[in-house]
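Chain by chain, the residues run as shown.
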Amino acid sequence: MGPIVGAVETAGGSIARVFRRAEMPLALMDAPDRLILLRDQLRLVEEAVRESGDPALPARLSIATGIGGLGAIGRHVRACATLGAALARVEAITPELLQTATWTGLRQEGGDAVYGYAVAERIEVGRQANEMLALGYLLGTVRHFLGPRWRPRRAILTGATLPDRAEIERVFGCDLDLGPRAGLHFGAALLATPNPAPGPLLDTPPQPLPDGLPACVAGLVDLALCEGRPSIDWVARRLGLSRRGLQRRLEAEGTGFAHILQHVLRVRAEALLAQPTSPIGRIALDLGYADAAHFTRAFLGWTGLTPRAWRRLHLTSPGVERTGPFAGPGQSPGDKPGRCPGTPPKE
């Protein structure tokens, strides 16, 4: 988010307006590791392009950030012995660590290797801007092995037109074509290129993205609490579902919206109470309660303790384990429900 803010403000734009038009809470700026839906990331990038007046903004962001900006995936790439091994590794772990609604991988076309990227869901707003962002990361991955001046035989984005093509090509350092599938084309023999600067293997595997529709709904509720308690209609709209459609799917999972909301409120309440300087009255208001008394009654029903008593217990017993907002309601952290559709990258 930081580079997006910098680019928008440098252009004289308003980052608050970007978030408002994308219907996202501005408080997301203070939580850069929070997961968001891919469709929401696409809208944020698209609105940032619009606000800055810079069609090349996604290219600038990905080139400036590099594969280091991909966190664990970037570290996996730098630890692989060859370019081919790195691209295979990216294909295997991207759905687990970065995005569940996209495909990034390798395919063969004649004598060419094609390192491609595709959005796997029906999302149209911001699609080309997102592909441009991804293409910069694809270039960064390959150039780690082949050098910063390497140019693909073809670099492709989808779409009917490409505004400011010359500037985008200058930023990427290669020519661009428009075609049916985004990606980089290059000679397959290059896949055997050894890693010129191998990094260490990861000691511990990163946590995978949360799975299951209940976890996805819990994540949206948790995000919305940054600016107020959300309604089921707001959550359904974010997921591209009707209210009744969401209710039916949650019922099929053995849960409901009210149960998930209560679960997220409890988790958020415990996180806030663990901060000893946060007044209980302020926590009550932040969670959407009319006053501390209403919050106390709800918290007592969840835990059997008042917020004040829970805080005292927590401060004297810091090792108490709690589930997070992305754990399915009623599940322990070790339970693993089904895949959550449309979970985006950590930005």
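Rules of the game
Residues numbered from 1 in each chain as written. Predicted model: local features only at pLDDT ≥ 70, side-chain atom pairs only at ≥ 80, totals over all residues. Heavy atoms only, no water. Helix = DSSP H or I, 4+ residues; strand = E, 2+ residues; numbered from the N terminus. Buried < 20%, exposed > 50% of the residue type's maximum accessible area, 1.4 Å probe, protein only. Contact = heavy atoms within 4.5 Å. Areas by Shrake-Rupley, 256 points an atom, 1.4 Å probe, with all protein chains shown as cover. Salt bridge = Lys/Arg side-chain N within 4 Å of Asp/Glu carboxyl O. Phe/Tyr/Trp six-rings, centres within 6.5 Å; stacked < 30°, edge-to-face > 60°. Core = buried A, V, L, I, M, F, W, Y, C linked by side-chain atoms within 4.5 Å. Arc of directions from axis to C-beta.

(A) Just the overall build of the protein, in detail. Helices and strands together make up the secondary structure of the protein, namely 15 helices and five strands. Classification of the 347 residues of the protein by burial places 50% in the buried group. Within the protein, contacts between residues separated by at least 24 positions form 68% of all contacts whose residues are at least 6 apart in sequence. A total accessible area of about 15,900 Å² is found for the protein, and carbon and sulfur atoms account for 54% of it.

(B) Structural context of the pattern of salt bridges. The final tally for this structure, using the stated rule, is 20 salt bridges. In this structure, the salt-bridge partner of Arg 21 is Glu 51, at a minimum N-O distance of 2.8 Å. Note that Arg 21 is positioned in helix α2 (residues 15-21) and Glu 51 in helix α3 (residues 38-52), a separation of 30 residues in sequence. A relative accessible area of 14% places Glu 51 in the buried class. Among the salt bridges present, the one from Asp 40 reaches Arg 238, with a minimum N-O distance of 2.4 Å. Of this pair, Asp 40 sits in helix α3 while Arg 238 sits in helix α10 (residues 232-238), and the two are 198 residues apart along the sequence. With respect to class, Asp 40 is no different from Arg 238; both count as buried. Taken together, the shared-partner salt bridges in this structure form one network comprising Arg 17, Arg 21, Glu 47, Arg 50 and Glu 51.

(C) The arrangement of the packing of aromatic side chains in detail. Across all of its chains, the model carries five aromatic pairs by this definition. Judged by centre distance (5.9 Å) and plane angle (65°), the ring pair of Phe 299 and Trp 302 falls under edge-to-face. Of this pair, Phe 299 and Trp 302 both sit in helix α14 (residues 292-303), separated by three residues, roughly a single helical turn. Comparing Phe 299 with Trp 302, the two get one shared label, buried. On the numbers, 6.1 Å between centres and 85° between planes, the contact of Phe 299 with Trp 310 is edge-to-face. Linking Phe 299 in helix α14 with Trp 310 in helix α15 (residues 307-316), this pair joins segments that are eleven residues apart in sequence.

(D) Representation of the nonpolar core in the model. Counting 62 residues, the largest nonpolar core has Phe 172, Leu 184 and Phe 186 as the members making the most contacts within it. No other element matches the ten residues that helix α7 (residues 127-146) contributes to this core. If sequence neighbours within four positions are ignored, Phe 172 has contacts with Ala 59, Ser 62, Ile 63, Met 132, Leu 135, Gly 136, Leu 139 and Arg 143.

(E) Geometry of helix α1 (residues 2-10). All of the buried residues in α1 are Ile 4, Val 5 and Val 8. End-on view of α1: buried residues confined to an arc of 100°, all on one side of the axis. Where α1 terminates, the next one or two residues include Gly 12, which has phi positive at roughly 80°.

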